[in-house]
Amino acid sequence: MSDTQTTAGSGAAEHGLRRSLGFRDLVVYGLLFIAPMAPVGVFGTLDAKSHGAVALVYVVATVAMAFTAFSYAQMVRVVPQAGSVFAYARAGLGKEAGFVAGWMVMLDYLLIPAVAYLFSGIAMNSLVPEVSRWVWTALAVVVTTFLNLWGVRTAARVGLLVLAMEIVVLLVFVVSAVVVLARDGAHRDWLSPLSGDGTQGAFALSAVIGAVSVAVLSFLGFDAIASFAEEVTGGPEKVARAVLFCLALAGVLFVAQTYLVSLLEPLSSARLAADPAKQGPAFYDAVDASVGSWLHNLVAVSKAIGAAFAALAGQAAAGRLVFAMARDRRLPRVLARTDSGVPRAALSCAAVITLVAAVWAARRDDGLDKLVSVVDVGALTAFTLLHASVVGWFAVRHLGGPVVWWRHVLVPVLGAAITVAVIVEASGTAQVVGLVWLAVGLVVLLAQRGRTEPKTG
């Protein structure tokens, strides 16, 4: 057994998490974090960028993220620990790379819930404008934090009910869209969601690839499933299957809903590109014009509740990342304490940081833009190190038996190339914030040099 595994094993014995999750629970957490109707908010932007080929964009984005999901599945089988990519990079590349991976993905895990809470606050404020959106945002944080502190099993049960509601709303949309299309016909050509609507010239692969760099953000969160590796019954194989299943299911849902709404969209992609103000509400406007305001309102309420519980799943994953890094003495040791198998100290720490970020953003007109611009860089950097970890563990350290080159080298190298390309396509603000966060992490890492490692054996 390697030092990494021994260290983690002793830590787990001292600070154990309760095993209570099944395959269904893992999928619930993953889909809650992603949100079944995640494309609603970015549909107009993607339509304008891809020249109308949004469904194709999500097909390509699903394939692109499948490389990352495959690498997660490889590593969770050999390093089934709560730290997810932190533990994988530590095992495959060394403890310094593990810290960097954990530090970078922490930026994502702490801010994505803040964005989701803010979405919930904005939606509730639109329904009850007498109450400020920061109050709704704070209330969402408090309620979901309480559920997380109660225990992962309880949170999963409540999350299942919320996820069921979101799926029902999505099905209502699909059925309504099919009925309208059968009765009134489509505004665009039936193949245009896969080939473009032709209003911005001939099909352009570069436009689709450019839109993919935005669409992959809809998938961020499926990786959180790996954070629960020490709380699942039945072994790591169940986690690996849940990661792959969750990504595939999300991809099908995303392609189906964007295909239908593209056909309902009364405005051309050229019109949306020329008028950015119409891009944000494009999904809602298309539903409102074709089906009716009742479905518009139903989707809005679903998004308000669903966003809060997407944040619940994200907060739970962030708490387990903080717990794992504290257990490894990369963060204050007090955060590695558990209470009845629940990492309440780590969860509370993550909740406070998320609350501050979400309420700060809710009180600013540009708060949402500020948060959204930086959430992706941390995750994508960590994904790149994840792919490198697969190569390090299997092909360099030869710890996983015979090397299967397509599985242990080709797929992770292609996956890393994709994540690096998406980082390059990210906004300048996001890149700067990512570099600053990385620099701070490296300073912390240097300050920890010489610190006593956890005892092994």
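Caption draft 1: The arrangement of unusual backbone geometry in detail. Unusually for a residue other than glycine, Ala-35 sits at a positive phi of about 80°. Relative to the elements of secondary structure, Ala-35 occurs in the loop between helix 2 (23–34) and helix 3 (43–50). Phi at His-398 is positive, roughly 55°, even though this residue is not glycine. Tracing the sequence through the fold places His-398 in the loop between helix 17 (375–396) and helix 18 (405–425).

Caption draft 2: Looking closely at helix 2. If you check helix 2, its first and last C-alpha atoms are 17 Å apart, about what twelve residues at 1.5 Å a residue would give, namely 16 Å. Those residues of helix 2 that sit buried are Asp-25, Leu-26, Val-27, Val-28, Tyr-29, Gly-30, Leu-31, Leu-32, Phe-33 and Ile-34. Among the residues trailing helix 2, Ala-35 stands out with phi positive, at a value near 80°.

Caption draft 3: Up close: the nonpolar core. Judged by nonpolar contacts, the single largest core of 137 residues is most densely connected at Tyr-72, Tyr-88, Phe-173, Phe-219 and Phe-222. The biggest single contributor to this core is helix 14 (residues 293–327), with 18 residues. Setting aside chain neighbours within four positions, we find Tyr-72 in contact with Ser-84, Val-85, Tyr-88, Phe-222, Asp-223, Ala-226, Val-243, Phe-383 and Leu-386.

Caption draft 4: Summary view of the side chain of Asp-197. When you line up the elements, Asp-197 lands in the loop between helix 9 (192–195) and helix 10 (205–215). For the buried Asp-197, no salt bridge exists, and the shortest N-O distance to an oppositely charged side chain is 4.1 Å, to Arg-188. Only 3.0 Å separates the side chain of Asp-197 from the side chain of Thr-199, close enough to count as a polar contact.

Caption draft 5: Examining helix 19 (residues 428–447) more closely. Spanning 20 residues, helix 19 covers 29 Å between terminal C-alpha atoms, matching the ideal 28 Å at 1.5 Å per step. Taken together, the buried positions of helix 19 are Ala-430, Gly-434, Gly-441 and Leu-445. The buried side chains of helix 19 occupy one side of the element, clustering within an arc of 50° when seen end-on. Facing away from the buried side of helix 19, by more than 90 degrees, are the exposed residues Val-432, Leu-435, Val-443, Leu-446 and Ala-447.

Caption draft 6: View of the environment of Val-115. Relative to the helices and strands, Val-115 is located in helix 6 (residues 95–127). The exposure class of Val-115 is buried, given its relative accessible area of 9%. Here the alpha-carbon distance between Val-115 and Val-375, two residues 260 residues apart in the chain, equals 8.6 Å.

Caption draft 7: Quick look at the environment of Leu-295. Mapped onto the elements of the fold, Leu-295 is located in helix 14. The class of Leu-295 is buried, set by a relative accessible area of 0%. Along the primary structure Leu-295 and Tyr-284 are separated by eleven residues, whereas in three dimensions their C-alpha atoms are 8.8 Å apart. Setting aside residues up to four positions removed in sequence, Leu-295 forms contacts with Val-172, Phe-173, Ser-176 and Val-287.

Caption draft 8: Representation of the packing of helix 3 against helix 10. Where helix 3 contacts helix 10, the axes come no closer than 8 Å and their chain directions differ by 160°. One finds that helix 3 runs roughly antiparallel with respect to helix 10. As for the relative orientation of helix 3 and helix 10, their crossing is right-handed in sense. Only Ala-207, Val-208, Gly-210, Ala-211, Val-214 and Ala-215 of helix 10 make contact with helix 3, whose side of the interface consists of Leu-46, Lys-49 and Ser-50.

Caption draft 9: Region of interest: the pattern of salt bridges. Taken as a whole and judged by the stated rule, the model has four salt bridges. Residue Glu-96 pairs with Lys-95 through a salt bridge whose shortest N-O separation is 3.6 Å. Given a relative accessible area of 30%, Glu-96 falls into the partly exposed group. A salt bridge links Arg-183 to Asp-184, with the shortest nitrogen-to-oxygen separation between them at 3.1 Å.

Caption draft 10: Region of the structure containing the confidence of the model for the protein. Looking at the protein as a whole, the pLDDT averages 82, with 89% of positions reaching at least 70. Put simply, helix 1 (residues 3–14) is where the protein has its lowest mean pLDDT, 41, and helix 9 is where it has its highest, 93. Low confidence marks residues 1–14, where pLDDT is under 50. Its contacts with residues over four positions away, or in another chain, come to 21 contacts.

Caption draft 11: Spatial organisation of the side chain of His-51. Along the chain, His-51 turns up in the loop between helix 3 and helix 4 (54–78). In this structure, His-51 is in contact with Gly-196, Asp-197, Gly-198, Gln-200, Ala-202, Ala-204, Ala-207 and Ser-269, ignoring residues within four places of it in sequence.

Caption draft 12: Spotlight on a nonpolar patch on the surface. Taken together, Val-59, Val-63, Leu-191 and Leu-194 make up a surface patch of nonpolar side chains, about 330 Å² in accessible area. The residue Val-63 is located in helix 4 in this model.

Caption draft 13: Here's a closer look at the packing of aromatic side chains. As enumerated under the stated definition, the model contains eleven aromatic pairs in all. Relative to Trp-103, the ring of Phe-99 lies with its centre 5.7 Å away and its plane at 25°, an arrangement referred to as stacked. With Phe-99 and Trp-103 both in helix 6, this residue pair falls four residues apart, about one helical turn. Residue class for Phe-99 comes out buried when judged on its relative accessible area of 0%. Ring geometry for Phe-173 versus Phe-283: centroids 5.3 Å apart, planes at 40°, classification tilted. Residue Phe-173 is located in helix 8 (residues 152–184), and its partner Phe-283 is located in helix 13 (residues 282–290); the two are separated by 110 residues in the primary sequence. By relative accessible area, which is 0% here, Phe-173 ends up buried. Through a chain of ring-to-ring contacts, three or more aromatic side chains come together here, namely Phe-43, Phe-173 and Phe-283.

Parameters and conventions
Residues numbered from 1 in each chain as written. Predicted model: local features only at pLDDT ≥ 70, side-chain atom pairs only at ≥ 80, totals over all residues. Heavy atoms only, no water. Helix = DSSP H or I, 4+ residues; strand = E, 2+ residues; numbered from the N terminus. Expected span 1.5 Å × (residues − 1). Buried < 20%, exposed > 50% of the residue type's maximum accessible area, 1.4 Å probe, protein only. Core = buried A, V, L, I, M, F, W, Y, C linked by side-chain atoms within 4.5 Å. Contact = heavy atoms within 4.5 Å. Lys, Arg positive; Asp, Glu negative; His and termini not counted. Salt bridge = Lys/Arg side-chain N within 4 Å of Asp/Glu carboxyl O. Polar contact = N/O pair within 3.5 Å; in protein donor to acceptor, adjacent residues only side chain to side chain. Arc of directions from axis to C-beta. Axes fitted to C-alpha atoms, helices over the stretch in contact; angles between N-to-C directions. Parallel < 35°, antiparallel > 145°, perpendicular 65-115°, else oblique. Left-handed = near helix turned anticlockwise from the far one by under 90°. pLDDT = per-residue confidence, 0-100. Patch = residues over 30% accessible without salt bridge, like charges linked within 9 Å, V, L, I, M, F, W, Y side chains within 5 Å. Areas by Shrake-Rupley, 256 points an atom, 1.4 Å probe, with all protein chains shown as cover. Phe/Tyr/Trp six-rings, centres within 6.5 Å; stacked < 30°, edge-to-face > 60°.

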